[in-house]
Amino acid sequence: MPKIKKILIANRGEIALRIMRTLHEMGIISVAVFSDADRNSPHVSFADEAAYLGPSPSKESYLLQDKIIELSKALKVDAIHPGYGFLSENAAFAQKVQAAGIIFIGPSPTAIEIMGSKLAAKKAVSQYDIPLVPGTDEPISDLIEAKKIAKEVGYPILIKASAGGGGKGMRIVENEDEFEEQLQRAVSEAQSSFGDGAVFIEKYISSPRHIEIQILGDQHGNIVHLFERECSIQRRHQKVIEEAPSAIVTPSMRQKMGIAAINVAKACSYHGAGTVEFIVDEKLNFYFLEMNTRLQVEHPVTEFITGKDLVREQVLIAEGKTLSFNQEELSINGHAIETRVYAEDPQNNFLPDIGKLHTYKRPEGPGIRVDDGFEEGMDIPIYYDPMIAKLICFDEDREKCIEKMIRAINGYIITGIESTLPFAKYVMNHASFRSGEFDTKFIEKYFTPENLKTSFTNDEKAILAALSSFIIQQSSPQNQPLTQQQLKEKTNWTKRKKSG
Ligand code: ADP
């Protein structure tokens, strides 16, 4: 069995750092790679070794497969961890890594290839009893035939790109009159964005929830599931807030979804960490959407409720070890919620708002985890995903966890850019989120920019940040303690600003 002593992380930002923390704990040497824009990033300084890839655009750095492999060979690494995004779901890359005699921390290239195509995935799982969204299981090739199927499925329908990802490559068709035009657009978009024009039809589930199951499989055929994550709070079909467990999943539904997820994994002889995504309708019927063959952004909520370190498990699986626990030994403990902190302006259609992090103060406390890759004063580069951090809270139940998340958001001070934090606070306080009765249409149904008008402007946040450090300084033992009256006045002011 190979012992992994050195790993190159073919990624950047929060996920590179998060992986390295576990490697550090396991006594494994970590190698960072970086582009020009990331030269001074925390993931580079944290790593034991670092190697330069190239200019800032991903195509000239983080996506350079051969360069990453060459560097890995030169630095004598045993394995490459791809993180998420970039090369993580690239079967050709996984293949090349293996051909170079290096371990790819992930499933086999074949499993990546099957699950990378939504149509191939549907086909692969067809021998197993896995519910699929009604629609076509072949690429649309004949307009008349496709229209007939769409009619049978019932409008509205979705035309989806088989190679689509990241919430892109989907078109809603409301009625037959629109079909042809939307089909043409979908095919040309699929071709230009993903290099594969194959599209298919799926029934459009009108008030769906997105619920996914985390799985872990070793190289000896043992597969377990680590329960669900609720990911229905989305913008542009992309997740912003996730939680585990889901407020609506019952033990029997959990068991059924868990078994279905394990079967999806079996259908492609999966090993490693993976996620099986389902869409759930109003009657709580669930349908297989796709499988992500990598670590997910939202994996920390699962780590909190199961007590397992998923990166550690990935490394052990890659070494060929047998899973050290079985399904019966896994249980859900407590509740976890993750807020993705994007450099986006929720008051302006969630458009990216990159710039300098003038103030950057993380919240702290028991059950609060911040996975990030930036420090105060740094610029958020324009070249990559605008996610700057993930704020994850854990408590014994959902109610307490929501309250903790609100306190943590209040204590998270970011100035210089707009972020999704005020939106997350709005969600946490919303009756529909509180009740657990919500779906992927949360923003459309309940959110308008006016909802955030009461939150702070950048200037106000800067004043607040300055004031809080003033209070801390003034209250420190070297300084004269504040009188009770002074303290009360200052705290009242802070409270008024926070609530107002
Ligand atoms: P991607 O690979 O781009 O992430 P998915 O198939 O996983 O695409 O879907 C992403 C999101 O799009 C889902 O979480 C859901 O919000 C929406 N979606 C996907 N399929 C359907 C469907 N059949 N009906 C309604 N919404 C859907």
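To be clear, the structure that these remarks concern was listed above.
Residues numbered from 1 in each chain as written. Predicted model: local features only at pLDDT ≥ 70, side-chain atom pairs only at ≥ 80, totals over all residues. Heavy atoms only, no water.

### Side note on the site of the ligand
Then step 1. Near the ligand, the surroundings consist of 23 residues, among which Lys118, Gly167, His210, Gln234 and Glu290 are the closest.
Then step 2. In this structure, an oxygen atom belonging to the ligand sits 2.6 Å away from a side-chain N or O atom of His210.
Then step 3. The side chain of Gln234 places a nitrogen or oxygen atom 2.7 Å from an oxygen atom of the ligand.
Then step 4. Protein contacts shield 95% of the accessible area of the ligand, which totals 550 Å² for the unbound molecule.
Then step 5. Taken together, the residues of the shell around the ligand sort by class into eight nonpolar, eight polar and seven charged. (Near = heavy atom within 4 Å. Polar contact = N/O pair within 3.5 Å; in protein donor to acceptor, adjacent residues only side chain to side chain. Areas by Shrake-Rupley, 256 points an atom, 1.4 Å probe, with all protein chains shown as cover. Nonpolar A, V, L, I, M, F, W, Y, C, P; charged D, E, K, R; others polar.)

### Some remarks on the environment of Tyr204
Then step 1. Mapped onto the secondary structure, Tyr204 falls in the loop between strand E8 (199-203) and strand E9 (209-217).
Then step 2. Residue classification places Tyr204 among the buried residues on the basis of a relative accessible area of 14%.
Then step 3. C-alpha of Tyr204 to C-alpha of Glu138: the two residues are 66 residues apart in sequence and 17 Å apart in space.
Then step 4. Residues within four places of Tyr204 in sequence aside, it is in contact with Pro156, Ile157, Leu158, Ile172 and Lys441. (Helix = DSSP H or I, 4+ residues; strand = E, 2+ residues; numbered from the N terminus. Buried < 20%, exposed > 50% of the residue type's maximum accessible area, 1.4 Å probe, protein only. Contact = heavy atoms within 4.5 Å.)

### Some words on the side chain of Asp218
Then step 1. The residue Asp218 is located in the loop between E9 and strand E10 (223-235) in this model.
Then step 2. One buried charged side chain, Asp218, makes no salt bridge at all; its nearest oppositely charged neighbour is Lys266, positioned 11 Å away.
Then step 3. A distance of 2.8 Å separates the side chain of Asp218 from the backbone nitrogen of His220, its partner in a polar contact.
Then step 4. Looking at Asp218, its side chain comes within polar contact range of the side chain of Asn222, at 2.7 Å.
Then step 5. Residues in contact with Asp218, not counting those within four places in the same chain, are Tyr270, His271, Ile317, Lys321, Thr322 and Leu323. (Lys, Arg positive; Asp, Glu negative; His and termini not counted. Salt bridge = Lys/Arg side-chain N within 4 Å of Asp/Glu carboxyl O.)

### Quick notes on the sheet that holds strand E19 (residues 387-395)
Then step 1. Here eight strands make up an open sheet; going across it, the order is E13-E12-E9-E10-E11-E14-E19-E18 and the pairing antiparallel. In this open sheet, the two edge strands, each paired with only one partner strand, are strand E13 (286-292) and strand E18 (368-372). With strand direction ignored, the average angle separating the axes of adjacent strands in the sheet is 25°.
Then step 2. Where E18 and E19 come together, five bridges link them in antiparallel fashion. Pairing of Arg369 across the sheet is with Ile392, part of E19.
Then step 3. Its contacts with the sheet put helix H1 (residues 13-26) on E18 and E19, and the angle it makes with E18 is roughly 115°.
Then step 4. Sheet contacts for helix H11 (residues 310-318): E9, E10 and strand E12 (272-280); angle to E9, the most-contacted strand, approximately 40°. (Pairing = 2+ DSSP bridges. Axes fitted to C-alpha atoms, helices over the stretch in contact; angles between N-to-C directions.)

### Overview of the state of the cysteines
Note on terminology: a disulfide is the covalent bond linking the sulfur atoms of two cysteines.
Then step 1. Going through the model one piece at a time under the given rule, you end up with zero disulfides.
Then step 2. Between Cys401, a cysteine without a disulfide, and Cys393, which holds the nearest cysteine sulfur, the sulfur-to-sulfur distance is 5.9 Å. (Disulfide = S-S within 2.5 Å.)

### Concerning a nonpolar patch on the surface
Then step 1. Together, Ile354, Ile382 and Tyr383 make up a nonpolar patch on the protein surface, roughly 290 Å² of accessible area in all.
Then step 2. Along the chain, Ile382 falls in the loop between E18 and E19.
Then step 3. Judged by relative accessible area, which is 61%, Ile382 ranks as exposed. (Patch = residues over 30% accessible without salt bridge, like charges linked within 9 Å, V, L, I, M, F, W, Y side chains within 5 Å.)

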